[in-house]
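Coordinates in review
These are the residues of each chain, in order.
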Amino acid sequence: MDKFESLRAFTQVVDAGGFAAAARQMGLTRSAVNKLVMNLEDQLGVQLLHRTTRKVTPTNTGLAFYERCITILADLEEAELAVTRLHEEPKGTLRINAPMSFGTLHLAPLVADFLVQYPDLKIELALSDRIIDPIEEGFDITVRIAQPPVSPSLIVHELGEVPMVICASPSYLEKHGSPMHPQDLRNHACLHYGHIASTSYWQLTGPDGEHQAKINGPLCSNNGEVLRDAAIEGLGLTLLPKFIVGEDIKHKTLLPVLKDYRPPGMSICILYPVNRHLSAKIMLFTEFLGQRVRSTCV
């Protein structure tokens, strides 16, 4: 027998104050409703209702169980409704947060393509390189390029690992030479992603193991395009995601160095609140972005 039907019968009896009224509201016979509740009590091994000839009231245990049942049935109804809506055209506004460089170089055209497919949807795209709290700031979807966060309030989808590249302009390498080993980086100007620190390092792994290479240089920034432009101008070496410098490497305005030494990759992640995991617009955009990003950025 369907346990959820028994839960519905029990809550309906409590709400209606009796079996006859509950049966009318459920479109069942009084005996059928009574049987559902009795089977539930047998399964639980407790008495849920006080029954008299005049009225039916919940026991203390029954009242506590009733409160839990209301929540369970409401969640079930919401889930059923959400799954049904997955097949509907998404509507409303989808608020997205993403890093600046990834947003301008790759996400913006993908958002435009998505809106063409779903014209009833509106998208609010906020680009920022600062780490935000998606729930506190009210974003439906957050795109991050970093190590996947661990949070009980967020669902994380990893779309893939972004290759990282150390590169410099031909003019810089002609003037200063190309590093052959991670330890050579201490003798080079290195354009660092992040904030000014007394000591910064690049992690590299090669045929002779792992290296933590100390770096220093004239510029650091929390924006990859700033570092790419500085590298093109010959200011130093930089370590950036391939989706930022790929075209420059292709056209030889930047040249990769230390090819035998691999920096740790970074994951492209989609984050959204756990209570939104059945939202049609979130599910559709997550699937769409995953397919497009895997084919172009990882």
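Here is what the cut-offs are and how they apply
Within each chain, residues carry numbers counting from 1 in the order of the written sequence. Only residues with pLDDT of at least 70 get local features here, since the model is predicted, and only at 80 or more are side-chain atom pairs given and counted; chain-wide, interface and lining totals rely on the full set of residues. As a convention, hydrogens and water are excluded, and side-chain values are obtained from all of the structure's heavy atoms. By the criteria applied, helices consist of DSSP H or I runs no shorter than four residues and strands consist of E runs no shorter than two, each listed in order from the N terminus. Restricting the calculation to C-alpha atoms gives the radius of gyration, and the globule rule supplies 2.2 Å times the number of residues raised to the power 0.38. Burial classification: accessible surface area is computed with a 1.4 Å probe over protein chains only, and a residue below 20% of its type maximum counts as buried, one above 50% as exposed, and the rest as partly exposed. Between two residues, a contact is recorded if the distance between any of their heavy atoms is within 4.5 Å. For every accessible area listed, the method is Shrake-Rupley and the probe measures 1.4 Å; residues are considered covered only by the protein chains on display. Residues scored as positive are Lys and Arg, those scored as negative are Asp and Glu, and His as well as the terminal groups of each chain are ignored. By convention, the point assigned to a charge is CZ for Arg, NZ for Lys, CD for Glu and CG for Asp. Both cavities and pockets are sets of points on a 1 Å grid over the protein atoms alone; in a cavity a 1.4 Å probe fits but cannot get out, in a pocket the set is open with protein on both sides within 12 Å along at least five of seven lines, and lining residues sit with an atom within 4 Å of a point. Grid points are joined across faces, edges and corners, and a volume is the space filled by probe spheres set on the points. Under this grouping Gly is polar, as are all residues other than the nonpolar Ala, Val, Leu, Ile, Met, Phe, Trp, Tyr, Cys and Pro and the charged Asp, Glu, Lys and Arg. Definition used for salt bridges: Asp or Glu carboxyl oxygen within 4 Å of a side-chain nitrogen of Lys or Arg. Where helices are involved, their axes are fitted lines through C-alpha atoms of the stretch in contact, as for all axes, and angles between N-to-C directions lie from 0 to 180°. In this scheme, roughly parallel covers angles under 35 degrees and roughly antiparallel covers those over 145, while 65 to 115 is roughly perpendicular and the rest are oblique. Confidence scores here are pLDDT values: one per residue, from the predictor, ranging 0 to 100. By nonpolar core is meant a set of buried Ala, Val, Leu, Ile, Met, Phe, Trp, Tyr and Cys residues that side-chain atoms within 4.5 Å join together. For Phe, Tyr and Trp, rings pair up if their centres lie within 6.5 Å, where Trp contributes its six-membered ring, and each pair is then called stacked (planes under 30 degrees apart), edge-to-face (over 60) or tilted (otherwise). To estimate how far a helix should extend, the number of its residues minus one is multiplied by 1.5 Å. Bend angle per residue: angle between axes fitted to the 7 residues ending at that residue and the 7 residues starting there.

Focus: the overall build of the protein chain
Check the secondary structure of the protein chain and you find nine helices and 14 strands. Taking 19 Å as the expected radius of gyration for a compact globule of 298 residues, we find that the protein chain reaches 29 Å, considerably beyond that expectation. Principal axes of the C-alpha set define a box for the protein chain whose edges measure 100 × 40 × 30 Å. For the protein chain, the residues scored as buried account for 41% of the 298 residues in total. Across the protein chain, contacts joining residues at least 24 apart in sequence account for 73% of those joining residues at least 6 apart. When the accessible surface of the protein chain is split by element, carbon and sulfur atoms take 52% of a total near 16,400 Å². Both charge centroids of the protein chain, one from 28 positive and one from 33 negative side chains, sit 5 Å from each other.

With respect to the layout of surface pockets
Rolling a probe over the atoms, with the probe sized like a water molecule, indicates the empty space that remains. In this structure, the largest pocket spans a volume of roughly 740 Å³. As for the largest pocket, its lining consists of 34 residues, and the residues nearest its centre are Ile145, Ala146, Met164, Tyr193 and Met266. Looking at the lining of the largest pocket, the elements that each hand over two or more residues are strand 3 (92-98), helix 5 (100-117), strand 5 (141-146), strand 8 (190-193), strand 9 (200-206), strand 12 (237-241) and helix 8 (242-250). Tallying contributions element by element places strand 5 first for the lining of the largest pocket, with five residues. Tallied by class, residues from the lining of the largest pocket come to 20 nonpolar, eleven polar and three charged.

Observations concerning unusual backbone geometry
Positive phi is not limited to glycine here, since Lys252 has a value of about 65 degrees. In this fold, Lys252 is placed in the loop between helix 8 and strand 13 (255-256).

Quick notes on the pattern of salt bridges
Counting across every chain of the model gives seven salt bridges. Where Glu137 meets Arg130, a salt bridge forms, and the shortest distance between an N and an O atom there is 3.0 Å. Owing to a relative accessible area of 28%, Glu137 belongs among the partly exposed residues under this scheme. Here Asp248 and Arg228 are joined by a salt bridge, their closest N and O atoms 3.8 Å apart. Taken as a pair, Asp248 in helix 8 and Arg228 in helix 7 (residues 224-232) lie far apart in primary sequence, 20 residues in all. Take Asp248: its relative accessible area is 14%, and that puts it in the buried class. A residue is classified by how much of its surface remains accessible, and Arg228, at 14% relative accessible area, is buried. Through salt bridges with shared partners, one network takes in Arg228, Asp229 and Asp248.

Things to note about the packing of helix 5 against helix 7
For the pair helix 5 and helix 7, interaxial distance at closest approach is 7 Å and the crossing angle is 80 degrees. Judged on the interaxial angle alone, helix 7 and helix 5 are roughly perpendicular. Note on element contacts: helix 7 touches helix 5 through Gly224, Glu225 and Arg228, opposite Met100, Ser101, Thr104 and Leu105.

Describing the confidence of the model for the protein chain
In the predicted model, the protein chain carries a mean pLDDT of 87, and 91% of its residues have values of at least 70. Here helix 4 (residues 60-85) stands out as the least confident element of the protein chain, with mean pLDDT 79; strand 13 is the most confident, with 97.

Details of the environment of Thr142
Note that Thr142 resides in strand 5. Expressed as a C-alpha distance, the spacing of Thr142 and Ala126, which sit 16 residues apart in the sequence, is 9.5 Å.

Things to note about the nonpolar core
Counting 36 residues, the largest nonpolar core has Phe102, Leu107, Phe114, Ile141, Ile268, Phe285 and Leu289 as its most contacted members. Ignoring anything within four residues of it in the chain, the contact list for Leu107 reads Ile96, Ala98, Phe102, Leu125, Phe285 and Leu289. Among the nonpolar cores identified, the runner-up in size contains 18 residues, and Val13, Phe19, Ala22 and Leu73 belong to it.

Thoughts on the packing of aromatic side chains
The tally for this structure, following the rule as stated, stands at six aromatic pairs. Aromatic side chains Phe114 and Phe288 sit 5.2 Å apart centroid to centroid with 50 degrees between the ring planes, which places their arrangement in the tilted category. Of this pair, Phe114 sits in helix 5 while Phe288 sits in helix 9 (residues 280-296), and the two are 174 residues apart along the sequence. Overall, the relative accessible area of 0% leaves Phe114 in the buried class.

Regarding helix 5
For helix 5, spanning 18 residues, the distance from its first C-alpha to its last is 24 Å, which sits close to the expected 26 Å at 1.5 Å a residue. By the largest-angle criterion, Leu107 marks the main kink of helix 5, which is about 50 degrees, and a proline, Pro109, follows within four residues. Burial in helix 5 covers these residues: Ser101, Phe102, Gly103, His106, Leu107, Leu110, Val111 and Phe114.

Description of the environment of Leu63
Structurally, Leu63 is set in helix 4. A sequence separation of 49 residues divides Leu63 from Val14, and the C-alpha atoms of the two residues are 8.7 Å apart.

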